[in-house]
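Below are the chains, spelled out letter by letter.
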Amino acid sequence: MEVRNNPAYSHLTSGEMEELIDKLYEQEVKRLGLDKPFLYRSFIYLKNALTLELGRAQYLTSDSGSRNVRNIILERLPATVLLFTTANLIIFVIGLFGGLFLSRRYGSKLDKVIVTLSPLSSIPGWFYGIFLILIFASWFHLLPYGGFVDAPPPKDSLNYALSVMKHMILPVISWLISYSLIEIYVRRTFFLMFSNEDYVEMAKAKGVPPRMIERRYILRPTLPPIITSFALTLISSWMGAIITERVFNWPGIGSLFYMAASIFDSPVIIGEVVIYAYLLGLTVFVLDVIYALIDPRIRVGGA
Amino acid sequence: MCPPLLRVEDLRLYFSTRKGAVKAVDDVSFEVDRGETLALIGESGCGKSSLAKAIIRLLPRNVSVYEGHVYLNGEDLMNLDEEEFRKTVRWTGISMVSQAALNSLNPVIKVGQQVAEPLILHKGMKGKEALEKARETLQRVGIPETFADRYPFELSGGMRQRAIIAMTLITNPDLIILDEPTSALDVLTQANIMNLLKKIKRELNLSFIFITHDIALSSELADKVAVMYAGQIVELSDAERFYKSPLHPYSTKLMASVPTLRENKKLEFIPGSPPSLIEPPKGCRFAPRCPYRTEDCSRDPPLISLGDGCYVRCWLHWKG
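Residues numbered from 1 in each chain as written. Chains lettered and ligands numbered in written order. Predicted model: local features only at pLDDT ≥ 70, side-chain atom pairs only at ≥ 80, totals over all residues.

1. A word on the overall build of chain A
- Counting its regular elements, chain A contains eleven helices and zero strands.
- Its helices and strands taken in sequence order, chain A reads α-α-α-α-α-α-α-α-α-α-α from the N to the C terminus.
- Computed over C-alpha atoms, the radius of gyration of chain A comes to 26 Å, more than 25% over the 19 Å expected from 2.2 N^0.38 for 303 residues, which places it beyond the range of a compact globule.
- The dimensions of chain A, computed from C-alpha atoms along their principal axes, are 95 × 60 × 40 Å.
- Out of the 303 residues belonging to chain A, those deemed buried represent 26%.
- Once local pairs closer than 6 in sequence are excluded, the contacts in chain A between residues at least 24 apart make up 66%. (Helix = DSSP H or I, 4+ residues; strand = E, 2+ residues; numbered from the N terminus. Rg over C-alpha atoms; globule rule 2.2 N^0.38 Å. Buried ≥ 20, exposed ≤ 12 C-beta atoms within 10 Å, placed from the backbone. Contact = placed C-beta atoms within 7 Å.)

Dropping the structure here:
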């Protein structure tokens, strides 16, 4: 097309034009390395991916019209990060304190109820989400059905933020309903295990008040594994909440993945995987630094 | 006469398990005077540690029966609720070195701070002052001051044990329970710690309950000896008298199983194993393993007083 419609080539005969097209085609294939074997091409992609050069999407465009996979993904990442960091942070706090609370009341009625109900968490958040939308959006018209902000978006930033928060309520609650129980259960079991440590018993013998035992003798030594599990949950939620984002029409990475997968836009799909890998690597690196800060046993050989 | 420092009366501690109630401490009574050391000896699983835990009230979750009386300075501790007990008894009245001493320090808090913690909690001291006292106490048990700023994993086993002993001393408690304080240590470190304990006992005139399965070790420290078997005290006696001539068949057998360095003696052992604490044998609990068994032994022997604070639970010593 570019050749046929270009006035600079209008003097060419159709045969010459075909020839030119073929030549340009060959050139492009060579430039992109498509004449190379698969393995070789993989390394070309790897090299580009290191600089976040993730190629061009086949069909999808970013909201600003860019075909660049990096732009498409980075444009949608903040929405996902915002929603699921909020949800996970709340779940984490609930799990931590709920777990501590239950481990104190091991064997009580409440404990048994939570333990019995915790398999309910195998029902994913979006399932509850559908019902929440039905109740709060459809019946009571209290909250929006989905999306990121009102349409049209409010002009000043305060109202914009409030509107976004209003849209976040239902997805966050759907996740709370689903994942809080199992989180509390897991933490409770974890704390129970560690409350049998000898130094916890020693602290009790020493007459350390119960609250302080929890803080200094149970929570503090178990912080590294807790932070690890939180960080990993967080990262994977940024990538994995495909259906939740779909249900709430949330313009994030998950619904992008859904769209890309349904029209087979492989550069976008692969690009997301690469970004995920980066985030994972980065997180593990940050975790290593945090470990050294909170656990003296890891600070060996330092100053 | 003033009451003894610690008097335990008819103490019972049962645990409920799926197989039935485990009678870990069954009707135990004894006294410890100020400045006195009671050695509590017996095989593994005879209820020694449970007795310690019953005294200092560190109970596991599956306790089914916990009754009797524990008098400290004449006051019945069983009447105190947990909060009162924590404030008035824990570490101010009774402190304890537990069996798993190597794991008894919080791995992420500096040793000095852990040693100082009871002072801050119970004596209302400020952090700095308490830490200073902790350094002093650590030095007294032979740990250089600078180790106060180290973490437990940087200390050897013997040092950790010393640090814990320093921690038990720091609040000047009336009574210290030593639950197998040296069983996780090698012989040299063990000797070291024993010498330290003897020194402390001499200098501070402290009372100890020294729990061990090692009779030779117990003789180092004991003024009085209590032998436990299957949750009961079977012999309670003055240390000198006990080591010279134990009375209960179980005690004699225990003594005969102690190796000596020079003599080439054949070590004796007691056939069988301690009875299950779920359904202890009827009558004398030692009878199934006892070489002097008679028909009397199918009846429960009482704790027979032989005078001079010496008691034995065996029909052989029954007179009239």
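2. Regarding the interface of chain B and chain A
- The interface is formed by 23 residues belonging to chain B together with 19 residues belonging to chain A.
- Of all the secondary structure elements, the ones that give two or more residues to the side of chain B that touches chain A are α2 (82-88) and α3 (111-122) of chain B.
- When residues in the side of chain B that touches chain A are grouped by element, the largest group, four residues, is from α3 of chain B.
- Residues that form the side of chain B that touches chain A fall into these classes: 13 nonpolar, five polar and five charged. (Nonpolar A, V, L, I, M, F, W, Y, C, P; charged D, E, K, R; others polar.)

3. Examining helix α5 (residues 125-139) of chain A
Residues and elements named next belong to chain A.
- Compared with an ideal rise of 1.5 Å per residue, which puts 15 residues at 21 Å, α5 spans 20 Å between its outermost C-alpha atoms and is within 8% of the ideal.
- If you look at α5, its biggest bend is around 30°, right at leucine 132.
- Taken together, the buried positions of α5 are Gly125, Trp126, Tyr128, Gly129, Leu132 and Ile133.
- Among the residues trailing α5, histidine 141 stands out with phi positive, at a value near 55°. (Expected span 1.5 Å × (residues − 1). Bend = angle between axes of the 7 residues up to and from the residue.)

4. Considerations on the nonpolar core
- Formed by 94 residues in total, the largest nonpolar core has its most connected members in Leu40, Ala163, Ala166, Ile177 and Ile209 of chain B.
- Residue contributions to this core peak at seven residues, all from helix α5 (residues 157-169) of chain B.
- Formed by 33 residues, the second largest nonpolar core is a distinct cluster that contains Leu83, Trp126, Tyr128 and Ile253 of chain A. (Core = buried A, V, L, I, M, F, W, Y, C linked by C-beta atoms within 7 Å.)

5. Some details on the packing of α3 of chain B against α5 of chain B
Residue and element names in this part refer to chain B.
- For the pair α3 and α5, interaxial distance at closest approach is 8 Å and the crossing angle is 25°. In terms of orientation, α3 lies roughly parallel with respect to α5. In this structure, the crossing between α3 and α5 has a hand that is right-handed. When α3 is examined against α5, the residues Val111, Gln114, Val115 and Pro118 are found in contact with a partner set consisting of Ala163, Ala166 and Met167.
- When its residues are assigned to classes, the contact of α3 with α5 shows six nonpolar, one polar and no charged. (Axes fitted to C-alpha atoms, helices over the stretch in contact; angles between N-to-C directions. Parallel < 35°, antiparallel > 145°, perpendicular 65-115°, else oblique. Left-handed = near helix turned anticlockwise from the far one by under 90°.)

6. Some thoughts on the domain arrangement of chain A
- Structurally, chain A comprises domain 1 (7-35) and domain 2 (69-298).
- Here the C-alpha centroids of domain 1 of chain A and domain 2 of chain A sit 53 Å apart. (Domains from an automatic or database assignment.)

7. Observations regarding the sheet that holds strand β1 (residues 6-17) of chain B
Residue and element names in this part refer to chain B.
- Strand order across the open sheet formed by four strands is β2-β1-β4-β5, with antiparallel pairing between neighbours. Bordering the open sheet on either side are β2 (20-32) and β5 (75-76), each of which pairs with just one other strand.
- Note: β1 against β2, ten bridges, orientation antiparallel. Residue pairing for β2: threonine 17 is matched across the bridge by glycine 20. (Pairing = 2+ DSSP bridges.)

8. Some remarks on helix α1 (residues 14-32) of chain A
Residues and elements named next belong to chain A.
- Taking 1.5 Å of rise per residue, 19 residues should cover 27 Å, and α1 covers 27 Å from first to last C-alpha, within 8% of that figure.
- With zero of 19 residues buried, α1 lies mostly on the surface of the structure.
- Once α1 ends, the next one or two residues include glycine 33, with phi positive near 75°.

9. As for the environment of leucine 72 of chain B
All names here are of chain B.
- Relative to the helices and strands, leucine 72 resides in strand β4 (residues 63-72).
- With 22 C-beta atoms counted inside 10 Å, the residue leucine 72 sits in the buried group.
- When the C-alpha positions of leucine 72 and isoleucine 55 are compared, they lie 9.9 Å apart, and in sequence the two are 17 residues distant.
- If sequence neighbours within four positions are ignored, leucine 72 has contacts with Leu6, Leu77, Val89, Gly93, Ile94 and Asp174.

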